[in-house]
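Take a look at the letters that make up each chain.
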Amino acid sequence: MDLSTIILPEHVFIGVAAPTKWRALQTLSSKAATCFGLDGAAVLRALETREKLGTTGIGNGVAVPHSAIAGMTRPRGLLARFAQPVDFEAIDDIPTEWAFVLLFGEGGRSEYLNVLAAIARRLRMDGVQAQMKQAKSADELYSIFQV
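What comes next is a walk through the structure. This one's a predicted model, so the numbers in the text were calculated from it and none came from an experiment.

### Brief notes about the overall build of the protein chain
Counting its secondary structure elements, the protein chain contains five helices and six strands. Secondary structure of the protein chain in N-to-C order comes out as β-α-α-β-β-β-β-β-α-α-α. Over its C-alpha atoms the protein chain spans a radius of gyration of 14 Å, differing by no more than 12% from the 15 Å that the globule rule assigns to 147 residues. If one aligns the C-alpha atoms of the protein chain with their principal axes, the spans along those axes are about 35 × 30 × 25 Å. The buried share among the 147 residues of the protein chain stands at 47%. Counting contacts in the protein chain only where the partners sit at least 6 residues apart, residues at least 24 apart contribute 70% of the total. About 7100 Å² of surface is accessible on the protein chain, with carbon and sulfur atoms providing 52% of the total. Counting 15 positive and 15 negative side-chain charges, the protein chain places the averaged centre of each group 2 Å from the other.

If you want it as structure tokens, here you go:
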């Protein structure tokens, strides 16, 4: 899976400020709405509804808030590095440093799993997360993640 078709350079953000998981979802929803031309309130409702089913904090400092959005024809995503780690109630209790927001169409649920697997593979590669932490700009962060 080529993540560069899902997360574009202009969809990478560093220094995202959010004191809580719910504020993080608000901020990320707003960014997604702007990037993808979506209704921010609809994106927020979808992400909050999904989060209420169980945490999207997958562990090791990573969260993957995700949801199907009516009208989307292909998966789209954002990568955000928080200014300060956020408690996403992750399965390992490690605060979240990174959020990968994934939005997909109603018929694209299987695609979401492929995207999630590709992200997990990349993050497991030696040194990737350490390099991502050191990135000084969104462009640098994108380059490290996409290599």
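### Structural notes on the nonpolar core
Ile7, Leu79, Phe100, Ile119, Met132 and Phe145 are the most contacted members of the largest nonpolar core, which has 24 residues in total. Sorting elements by how many residues they give to this core places helix α3 (residues 109–124) first, with five residues. Setting aside residues no more than four positions away along its own chain, Phe145 makes contact with Leu3, Ile7, Leu79, Phe100, Ile119, Arg122, Leu123 and Met132. Phe13, Leu28, Ala46 and Leu47 belong to the second largest nonpolar core, which has 23 residues in total.

### Notes on the packing of aromatic side chains
Working definition: an aromatic ring pair is given by the centre-to-centre distance plus the angle between the planes. Summed over the entire model, instances satisfying the criterion amount to two aromatic pairs. Taking 5.2 Å as the distance between ring centres and 40° as the angle between the ring planes, the aromatic pair formed by Phe100 and Phe145 counts as tilted. Of this pair, Phe100 sits in strand β6 (residues 96–104) while Phe145 sits in helix α5 (residues 138–146), and the two are 45 residues apart along the sequence. Overall, the relative accessible area of 0% leaves Phe100 in the buried class. Lying across the ring of Phe13, Lys31 places its NZ or CZ 4.4 Å from the centre.

### Points about the packing of helix α1 (residues 21–36) against helix α2 (residues 40–53)
Where α1 meets α2, the closest approach of the two axes is 8 Å, and the angle between their N-to-C directions is 140°. In terms of orientation, α1 and α2 fall into the oblique class. Considering how the two elements wind past one another, α1 and α2 form a crossing that is right-handed. Here Lys21, Trp22, Leu25, Gln26, Ser29, Ala32 and Ala33 of α1 lie close against α2, whose contacting residues are Gly40, Val43, Leu44, Leu47, Glu48, Glu51 and Lys52. A breakdown of the residues in the contact of α1 with α2 according to their chemical character gives seven nonpolar, three polar and four charged.

### Things to note about the pairing of β6
The two faces of the sheet receive side chains in turn, since in a regular strand these alternate between them. For β6, the tally of buried residues reaches eight of nine residues, placing the bulk of the element in the interior. In terms of strand pairing, strand β3 (residues 62–63) meets β6 through two bridges, oriented parallel. Residue pairing for β6: Val62 is matched across the bridge by Trp98. One ladder, built from three bridges, connects strand β4 (residues 66–68) with β6; its direction is parallel.

### Digging into the pattern of salt bridges
Within this structure, the stated rule accounts for three salt bridges. The residue Lys21 makes a salt bridge to Glu89 at a minimum N-O spacing of 3.0 Å. Of this pair, Lys21 sits in helix α1 while Glu89 sits in the loop between β5 (76–86) and β6; the two residues are 68 residues apart in sequence, bridging distant segments of the chain. Classification of Lys21 by relative accessible area gives buried; the value is 4%.

### Thoughts on the environment of Met72
Mapped onto the elements, Met72 comes out in the loop between β4 and β5. Here Met72 falls in the buried class, since its relative accessible area comes to 13%. The spatial distance from the C-alpha of Met72 to the C-alpha of Arg45 is 16 Å, given a sequence separation of 27 residues.

Definitions and cut-offs
- Residues numbered from 1 in each chain as written.
- Predicted model: local features only at pLDDT ≥ 70, side-chain atom pairs only at ≥ 80, totals over all residues.
- Heavy atoms only, no water.
- Helix = DSSP H or I, 4+ residues; strand = E, 2+ residues; numbered from the N terminus.
- Rg over C-alpha atoms; globule rule 2.2 N^0.38 Å.
- Buried < 20%, exposed > 50% of the residue type's maximum accessible area, 1.4 Å probe, protein only.
- Contact = heavy atoms within 4.5 Å.
- Areas by Shrake-Rupley, 256 points an atom, 1.4 Å probe, with all protein chains shown as cover.
- Lys, Arg positive; Asp, Glu negative; His and termini not counted.
- Charge placed at Lys NZ, Arg CZ, Asp CG, Glu CD.
- Core = buried A, V, L, I, M, F, W, Y, C linked by side-chain atoms within 4.5 Å.
- Phe/Tyr/Trp six-rings, centres within 6.5 Å; stacked < 30°, edge-to-face > 60°.
- Lys NZ or Arg CZ within 6 Å of the ring centre and 35° of its normal.
- Axes fitted to C-alpha atoms, helices over the stretch in contact; angles between N-to-C directions.
- Parallel < 35°, antiparallel > 145°, perpendicular 65-115°, else oblique.
- Left-handed = near helix turned anticlockwise from the far one by under 90°.
- Nonpolar A, V, L, I, M, F, W, Y, C, P; charged D, E, K, R; others polar.
- Pairing = 2+ DSSP bridges.
- Salt bridge = Lys/Arg side-chain N within 4 Å of Asp/Glu carboxyl O.

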